[in-house]
Amino acid sequence: MSGSFEKFPKSRIPQVGEPLVTIRKSGVIGINSEAMERFFGEARYLEFYYDRKNKRIGLKPLKDRTKDSYTVFPSKRSKSANVFARKFLRFYNIDFSETRAYTPYWDDEGELLVVDLQKGEKEMI
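Analysis parameters
- Residues numbered from 1 in each chain as written.
- Predicted model: local features only at pLDDT ≥ 70, side-chain atom pairs only at ≥ 80, totals over all residues.
- Heavy atoms only, no water.
- Helix = DSSP H or I, 4+ residues; strand = E, 2+ residues; numbered from the N terminus.
- Buried < 20%, exposed > 50% of the residue type's maximum accessible area, 1.4 Å probe, protein only.
- Pairing = 2+ DSSP bridges.

K.L.:
Please give an account of unusual backbone geometry that cites residues and values.
P.N.:
With a phi close to 55 degrees, Asn 93 is a non-glycine residue in the positive phi region. The backbone of Glu 111 shows a phi angle near 50 degrees, a positive value even though the residue is not glycine. Within the secondary structure layout, Glu 111 lies in the loop between strand S9 (105-107) and strand S10 (112-116). On the accessibility criterion, Glu 111 (46% relative accessible area) is partly exposed.

K.L.:
How would you sum up the sheet that holds strand S5 (residues 70-71)? Please name residues and give values.
P.N.:
With respect to topology, five strands assemble into an open sheet ordered S5-S3-S4-S10-S9, the strand pairing being antiparallel. The strands lining the two open edges of the sheet, one partner per strand, are S5 and S9. Here S9 runs beside S10; their pairing, made up of three bridges, is antiparallel. Counterpart to Asp 107 in the pairing with S10 is Leu 112.

Below, the structure is given as structure tokens:
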């Protein structure tokens, strides 16, 4: 096979109904429609949390604005949403030089949508 070909990993294709959070090269965090419906509901704000030891981001959905909250901007074409996170990502020195996708999980105790930065996959765009 020619050296310029790259194999597309079938495992990267999200399953239907799988929540997904994407940290884009632009510093925007994208939350897909499944994650929005399942974890955010009517919340239109979030607060960022960071676990330095375990390299995890926590997204806390909020219905009301707080002094530390960020606006969740819904997509016009789908039920997904975006949050401008460049300042947060830079403050904690979180790499966003490449777009990466993560399968988040819900933490009941902290009421956080958790993104484990050690388990992201480079997006094949």
